[in-house]
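# A closer look at the structure
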There are 2 protein chains.
Amino acid sequence: MNRLSLNQITTKTWSVPEAVAGCAESGVEWIGLWRDKVAETGVQETAKLIKDHGLKVSSLCRGGFFTNVTPEGSFVDGLAETKTALDEAAQLGADVLVLVVGGIADNDLSGSRQQVADAIGALAPLALERGVRLGLEPLHPMQCAERSVLSTVDQALAIAEEHPTEAVGVVIDEFHVWWDPRIEESIAKASGRIAGFHVCDQLVPLTDTLMGRALPGDGPINHRHLRACVEAAGYTGPIEVEVFNTALWQRPGAEVLAAVITSYQTHVQ
Amino acid sequence: MNRLSLNQITTKTWSVPEAVAGCAESGVEWIGLWRDKVAETGVQETAKLIKDHGLKVSSLCRGGFFTNVTPEGSFVDGLAETKTALDEAAQLGADVLVLVVGGIADNDLSGSRQQVADAIGALAPLALERGVRLGLEPLHPMQCAERSVLSTVDQALAIAEEHPTEAVGVVIDEFHVWWDPRIEESIAKASGRIAGFHVCDQLVPLTDTLMGRALPGDGPINHRHLRACVEAAGYTGPIEVEVFNTALWQRPGAEVLAAVITSYQTHVQ
C-alpha cells in the first residue's frame, strides 16, 4: 500500500484540498497532481496542503505539446508551457513532470518526432537545475495524430538515453503500452530510466479513444505481470492509478478512491 | 492505375455484380472481395462475373478469429471457418486470404498469441495445397482486445517466417501500422513476405476505433512514403483502397469509386 498513488484525474470531482484530505484519510501516501487542478488552489497553497498532510507528489501532469498544436488543433507554445510546468513541479516537490509530447504538426510525422527530440534537448539542463525529471510517456498509437507522436517505450527510451538519467526518464502507463508485443523487452531495456508506472485497465469493447479506461481488473491487462517487469527493471517507486472514465468521473471522490484502493489491492499489489 | 484494387467494403452499398461492373467500367483491374458479399451472389457466380469482366482478385477478406471469439464476444470456430474461406479463395482465384487473427480469449494475451501461431501452423500446408497465400494482417493496437492480438508488422513477420513464403505472408494496411516508429525497418525486413498493401487514411480527431478511416489524402498518413517502403521491399502487386467510413458507406457506389480513383491518383500513385 505504501506505493499506491492516486492520480487525481481519477477523482475528477475532487479539488486539490479534497483529494489531498481524501488520500490522507485513506492512508494513501502519494498523489499525482494535475496543473489545472493545482491552478484552482494555487501552487503554494497546494504545496502547503501536501506538506501538512504528510503526502508525497509522485508526478505533476503535464508538460509537452512540443509540436505546438493542441489536440483540438489550436496553437500552444509547448516549450514555454513546459518550462512553467517544471517550475511548478519543483515548487510542489514533484519528482517527475509527465510529458504528453504532442501530436502531428503539418501532417509531418517524422518532423514532429524531431521537434519532440529537440525540445527535450532544450529542456534537459533546466530539468537538472530544477531537480525534476522529465517523464516521457508514450501514448497509445490511437492518440498519435492528436496527442503524442511517441507511441512506444522503445521510442521514448531512444530520446531519454541522449540525456542524463536524472534529467529524462520514461513513464510506463499500462493503458498505452500493454498491447505492445515488445513490451517486456522494452521495459527491461528501460532499466534505470523508469520515471513512473501508471496502472489502469482498458474497456472492452473499446468505444472511446480517450475515455475507454477502467479500474485495474475490469479489462484484459495483466497488471501483476507488468508490475513484475518494471520491478525487474529496478523501479520501486510509486504506482499511480490513473483512470479516464466518464462514469467513474461522475461518482463522488471518496467512493472512487475506495474503489481505487480495492482494485489496487486485488489486481496490482 | 493498373495496380489499383477496389476493396469492396469501400463501396458498401454495392453487391458483387455491381462492384465488378463498376470496376470494369472505370478501368480498375483488381478487386478485393468480402465473403459476406460473395455469399449473397454465390462463389461460383462471383468467379464467373470476375472472369467475364476480365478482373483479378487481389484478396478475399477474411479468415482468422483463431482465438475462437468474435469481436462481439460470441464463439466462432476460427480454424474451420478459415478452411472454408481458403476453399472459397481458391475458387475465386484470389491470391491472398486476408486474416484478422482474433482478439484476446480468457484475458490471456500471450496464450491468445500462441493460439494464432498454432493455427497458422495448422493451416499453412492447406494454403500451399490450395495455392492461396495466408495474409497475416496486423491490426491497430486499439483493436488488440477484440479483433487482433497481432498488432505490428514485426510480430506478423515472426509468425510468417516459420512457414514457406508462398504459404504465409504479411498484409500491410496503412491505417493499422502508419504510427509505428519501426515501420520502415519492419517493412524492409518483410521483403519477399508482403502479400498485400492496403491504403486509406485516418480521421483526425479519431472518434471511432473501427470507422475512423478516410480516403487517402484526408488524414496524416504519408502514402507515397509507405508505398516507397513496400516497393523497396520488393512488393509490386495490387494496392487496395479499403476504407471503413460511415458517411462514405452511405454514398452511391459509383460516386465512391470515382472518389477512390481520384484519391489514389492524387495521393498514392
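Cut-off values and rules
- Residues numbered from 1 in each chain as written.
- Chains lettered and ligands numbered in written order.
- Predicted model: local features only at pLDDT ≥ 70, side-chain atom pairs only at ≥ 80, totals over all residues.
- Helix = DSSP H or I, 4+ residues; strand = E, 2+ residues; numbered from the N terminus.
- Rg over C-alpha atoms; globule rule 2.2 N^0.38 Å.
- Buried ≥ 20, exposed ≤ 12 C-beta atoms within 10 Å, placed from the backbone.
- Contact = placed C-beta atoms within 7 Å.
- Axes fitted to C-alpha atoms, helices over the stretch in contact; angles between N-to-C directions.
- Parallel < 35°, antiparallel > 145°, perpendicular 65-115°, else oblique.
- Left-handed = near helix turned anticlockwise from the far one by under 90°.
- Nonpolar A, V, L, I, M, F, W, Y, C, P; charged D, E, K, R; others polar.
- pLDDT = per-residue confidence, 0-100.
- Pairing = 2+ DSSP bridges.
- Right-handed = clockwise from strand over helix to strand, strands pointing away.
- Arc of directions from axis to C-beta.
- Least-squares fit on C-alpha atoms with pLDDT ≥ 70 in both.
- Core = buried A, V, L, I, M, F, W, Y, C linked by C-beta atoms within 7 Å.

## Considerations on the overall build of chain A
For chain A, the helix and strand inventory stands at 11 helices and 10 strands. Taken over the C-alpha trace, chain A has a radius of gyration of 17 Å; the compact-globule value for 269 residues is 18 Å, and the two agree within 12%. Along the first, second and third principal axes, the C-alpha atoms of chain A reach 45 × 40 × 35 Å. Burial analysis of chain A (269 residues in total) assigns 57% to the buried set. In chain A, once contacts between residues fewer than 6 apart in sequence are set aside, the share between residues at least 24 apart is 76%.

## With respect to the packing of helix 3 (residues 43–52) of chain A against helix 4 (residues 78–92) of chain A
Residue and element names in this part refer to chain A. The contact between helix 3 and helix 4 brings their axes to 9 Å, and the two run at 30°. Relative to helix 4, the element helix 3 lies roughly parallel. In this structure, the crossing between helix 3 and helix 4 has a hand that is right-handed. Only Glu88, Gln91 and Leu92 of helix 4 make contact with helix 3, whose side of the interface consists of Val43, Thr46, Ala47 and Ile50. The residue inventory of the contact of helix 3 with helix 4, partitioned by class, reads four nonpolar, two polar and one charged.

## Overview of the confidence of the model for chain A
For chain A, the average pLDDT comes to 98, and 100% of its residues sit at 70 or higher. Interface confidence for the predicted complex, expressed as ipTM, amounts to 0.96; the pTM equals 0.97.

## Details of the pairing of strand 3 (residues 56–64) of chain B
All names here are of chain B. Among the nine residues in strand 3, eight count as buried, and that is most of the element. Bridge count between strand 2 (residues 30–34) and strand 3: five bridges; the pairing is parallel. Bridging from a neighbouring strand, Trp30 pairs with Lys56 of strand 3. Both strand 3 and strand 4 (residues 96–100) contribute to a ladder of four bridges, which runs parallel. Following the sheet pairing, Cys61 is matched in strand 4 by Val98. Following the chain from strand 3 across helix 4 (residues 78–92) to the adjacent parallel strand 4, one finds a crossover that is right-handed.

## With respect to helix 9 (residues 223–232) of chain A
Residue and element names in this part refer to chain A. Within the sequence span of helix 9, burial applies to His223, Leu226, Arg227, Cys229 and Val230. Looking straight down helix 9, one finds its buried side chains confined to an arc of 155°; they lie on one side. In helix 9, those exposed residues whose orientation departs by more than 90 degrees from the buried face are Arg224 and Ala232. Of the surrounding elements, those touching the buried residues of helix 9 are strand 6 (168–173), helix 7 (174–177), helix 8 (183–189), strand 7 (194–199) and helix 11 (253–267). Where helix 9 ends, the next residue or the one after it, Gly234, has phi of about 95°, a positive value.

## Quick look at the relation of the copies chain A and chain B
The transform that puts chain A on chain B rotates by 180° and translates by 0.0 Å along the axis, for an RMSD of 0.0 Å. Classification of the inter-copy transformation places it as that of a two-fold axis.

## Observations concerning the sheet that holds strand 6 (residues 168–173) of chain B
Residue and element names in this part refer to chain B. Pairing is parallel in the closed barrel, where eight strands are placed in the order 1-2-3-4-5-6-7-10. In this sheet, neighbouring strand axes are inclined to one another by 30° on average, regardless of whether the strands run parallel or antiparallel. Docked against the sheet, helix 4 engages strand 2, strand 3 and strand 4, running at close to 170° with respect to strand 3. In this fold helix 5 (residues 109–130) packs onto strand 5 (133–136) and strand 6, with an angle of close to 145° to the strand it touches most, strand 5.

## What to know about the sheet that holds strand 10 (residues 239–241) of chain A
Sheets are built from strands paired through backbone hydrogen bonds, the pairs being either parallel or antiparallel. The sheet built from eight strands closes into a barrel, its strands ordered 1-2-3-4-5-6-7-10 (chain A) with parallel pairing. Between one strand axis and the next, the sheet turns by 30° as a mean value, whatever way the strands run.

## Let's talk about unusual backbone geometry
Residues and elements named next belong to chain A. Between Cys61 and Arg62 the backbone carries a cis peptide bond, its omega angle lying at 0°. Along the polypeptide, Arg62 turns up in strand 3 (residues 56–64). If you check the backbone angles, Phe65 has positive phi at about 50° while not being a glycine. One can find Phe65 in the loop between strand 3 and helix 4. The exposure class assigned to Phe65 is buried, which follows from the 25 C-beta atoms found within 10 Å.

## Some thoughts on the packing of helix 1 (residues 16–26) of chain B against helix 11 (residues 253–267) of chain B
All names here are of chain B. Orientation of helix 1 relative to helix 11, taken along the N-to-C sense of each, is 45°, at an axis distance of 11 Å. By the angle class used here, helix 1 and helix 11 are oblique. Handedness of the helix 1/helix 11 crossing: right-handed. Counted together, Glu18, Ala19, Gly22 and Ser26 of helix 1 and Gly253, Ala254, Leu257 and Ile261 of helix 11 form the full contact between these two elements. Its residues assigned to classes, the contact of helix 1 with helix 11 shows four nonpolar, three polar and one charged.

## Looking at the nonpolar core
Formed by 174 residues in total, the largest nonpolar core has its most connected members in Leu97, Leu136 and Val170 of chain A together with Leu97, Leu136 and Val170 of chain B. When residues in this core are grouped by element, the largest group, seven residues, is from helix 5 (residues 109–130) of chain A. Other than its neighbours up to four places away in sequence, Leu136 of chain B contacts Leu99, Val101, Leu150, Ala156, Ile159, Ala160, Val168, Val170 and Val171 of chain B.

## Some details on the environment of Thr209 of chain A
Considering the arrangement of structural elements, one finds Thr209 of chain A in the loop between strand 8 (201–202) and strand 9 (213–214). Sequence separation between Thr209 of chain A and His140 of chain A is 69 residues; the distance between their C-alpha atoms is 8.9 Å. Not counting the four nearest positions on each side in its chain, Thr209 of chain A is found in contact with Met142 and Gln143 of chain A together with Met142, Leu206 and Thr209 of chain B.

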